[in-house]
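The chain contents come next:
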Amino acid sequence: MYIMQMSSFVVEVNDANGRQGVLDIGGGRVMTPAYVASDEVCQAMREVSGDPRSHSTSIGEYDLWMQRSDIECIRLRPDEKEAMEDAACERLGRMQSPAKMLHFNFFTDIAGLHKETFVDLLRLQYRAGANAIEIPRVFCDTQVYERAVQAALEWQQHTWIETPLMGIARTPEDLAMLEECLPRLGGIGIDCRRFDKSLLYQVKKTLKKQDVWVHAFSVPLQYREIQNQGTLGMLINWFGVDTVNTVALSDTVRQYFNNGISGMGGQDVAEFRKKTRYFAPCDYSTFTFEKLVERYGEEQRLSRFCNCPVCRDLTIGGAVENLPDFSRMNHVHSAFAYSGEAEKYQRALINNETDLFLGDKPFAAEIIRRYSGELSAAGRIPGYVGPSEAR
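Only a predicted model underlies this, so the values are computations on that prediction, with no experimental measurement involved.

Visitor: Explain the overall build of the chain here, please?
Guide: Across its full length, the chain holds 15 helices and 12 strands. A burial count over the chain gives 55% of its 391 residues as buried. In the chain, 68% of the contacts between residues at least 6 apart in sequence involve partners at least 24 apart. On the chain, roughly 17300 Å² of surface is accessible, and the fraction owed to carbon and sulfur atoms is 49%.

Structure follows, in structure tokens:
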């Protein structure tokens, strides 16, 4: 029987606080942990930095949101299907990242796909030049998705397409099923839109020691365990996750916010912006801008928390009052920060300094401590005054 080769991933450092490895994909080598940005954010990072050659993350991802009406439209109308496929190919074609992914974010009203549509979505990723072909995961149970995985493996074998397949897990049961398909799968994706800590612990228990690429889709920007005041960020690698993509808004949601803001006056816009959260890589807090103003005052420079090109010359008040395209720039700041943290985390893992690295991120350490009961020394309560306060 012909068995396709999985993408090459090797764990080089397996530390109690995470793992570091090398992923061969897209003809290049990606050091992990690594941040995966959307194509739009990658372009904005280059524009902000002023260097078109820089800030192209090792892997770029295009998130294509689909609801039931979209699926029915492309199934019944060939012209709409062709337009959707051409648009997706054009988006991936513009990416300057060495490796590319196309991720289908399905709305909850999609519980199944017709076989023809399912194959079309596999074929689209290959046509668009994706370096990993995800097996679309709609809102169905494990048994139904297992049949989809087997159908994708048969499609790959029949077409002799060598691009590695990636199965997607939403539950521990999904993960156990996908493990049975290794090594025919090139990697396993973890869907974090509905955050399930039992799924992450299953990753840590069964995959962290294996040479299997684990990618997290839609990692949350804040966590309920600490009243949404902090995040795991790149430290989700503690569980054995190698590459991380954060939540991407659908066009519908983005348009909803844009329409709401466009009808506001200047003061209302400022008040709306104050409710937005800001990721501070110095301690992994995610306070709102309103909370930052209360703590530090409007004249405090954001460079106190992050030295990325967005924050370097801005004050807290200046960001709220004067920053054009505020929401987009806040996302770009987060991408710069996540990319920088990925590189720092790699060095900490290689140099056996993860205890110190994690201890400097009290909000992330507290999330892990509450999940696991571990990290009693490094994990500190959310009220802890982090390094940003000490400067």
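Visitor: Honestly, the packing of aromatic side chains in this entry has me stumped. Any pointers?
Guide: Aromatic ring pairs are reported here in terms of the distance separating the ring centres and the angle at which the planes meet. As enumerated under the stated definition, the model contains 14 aromatic pairs in all. Their ring planes at 80° and their centres at 6.4 Å tell us that tyrosine 201 and tryptophan 238 sit as a pair that is edge-to-face. With tyrosine 201 in helix H7 (residues 197-206) and tryptophan 238 in the loop between strand S11 (214-219) and strand S12 (243-246), this pair connects stretches of sequence that are 37 residues apart. Tyrosine 201 sits in the partly exposed class, given a relative accessible area of 23%. What makes tryptophan 238 buried here is its relative accessible area of 0%.

Visitor: Would you take a moment to explain the sheet that holds strand S1 (residues 8-15) for this structure?
Guide: Within a sheet, each strand pairs with its neighbour through backbone hydrogen bonds, oriented either parallel or antiparallel. The three strands are arranged S1-S2-S3 in an open sheet whose pairing can be described as antiparallel. Of all the strands in the sheet, just S1 and strand S3 (28-32) have a single pairing partner and so form its edges. Averaged over neighbouring strand pairs, the angle between their axes works out to 15° when direction is ignored. Where helix H12 (residues 326-350) meets the sheet, its contacts fall on S1, strand S2 (18-25) and S3, and the angle it forms with S2 comes to roughly 115°.

Visitor: Explain the side chain of threonine 142 to me, please; I cannot follow it from the model alone.
Guide: Residue position: threonine 142 is located in helix H5 (residues 142-159). Here threonine 142 is in contact with Thr171, Glu173, Asp174 and Met177, once residues within four sequence places are set aside.

Visitor: For this particular structure, what's the right way to read the confidence of the model for the chain?
Guide: One rule of thumb: low pLDDT means the predicted coordinates there are not for detailed reading. Here the chain averages 86 in pLDDT, while 87% of its residues score no lower than 70. Low pLDDT, under 50, characterises residues 1-6; the predicted model gives this stretch 15 contacts beyond four residues in sequence or across chains.

Visitor: Teacher, can you tell me more about unusual backbone geometry here?
Guide: When glycine is set aside, most residues are seen to have a negative phi, and most peptide bonds are trans. Put simply, threonine 32 and proline 33 share a cis peptide bond, and its omega is 5°. Mapped onto the fold, proline 33 is located in the loop between S3 and strand S4 (34-35). Along the chain, leucine 182 connects to proline 183 via a cis peptide bond; the corresponding omega equals 5°. Along the polypeptide, proline 183 turns up in the loop between helix H6 (172-179) and strand S10 (187-191). Even without being glycine, tyrosine 284 reaches a positive phi, approximately 70°. Tracing the sequence through the fold places tyrosine 284 in the loop between helix H9 (266-274) and helix H10 (289-296). With a phi angle near 60°, asparagine 352 is a residue other than glycine that sits in the positive phi range. Of note, asparagine 352 is situated in the loop between H12 and helix H13 (354-359).

Scoring rules and cut-offs
Residues numbered from 1 in each chain as written. Predicted model: local features only at pLDDT ≥ 70, side-chain atom pairs only at ≥ 80, totals over all residues. Heavy atoms only, no water. Helix = DSSP H or I, 4+ residues; strand = E, 2+ residues; numbered from the N terminus. Buried < 20%, exposed > 50% of the residue type's maximum accessible area, 1.4 Å probe, protein only. Contact = heavy atoms within 4.5 Å. Areas by Shrake-Rupley, 256 points an atom, 1.4 Å probe, with all protein chains shown as cover. Phe/Tyr/Trp six-rings, centres within 6.5 Å; stacked < 30°, edge-to-face > 60°. Pairing = 2+ DSSP bridges. Axes fitted to C-alpha atoms, helices over the stretch in contact; angles between N-to-C directions. pLDDT = per-residue confidence, 0-100.

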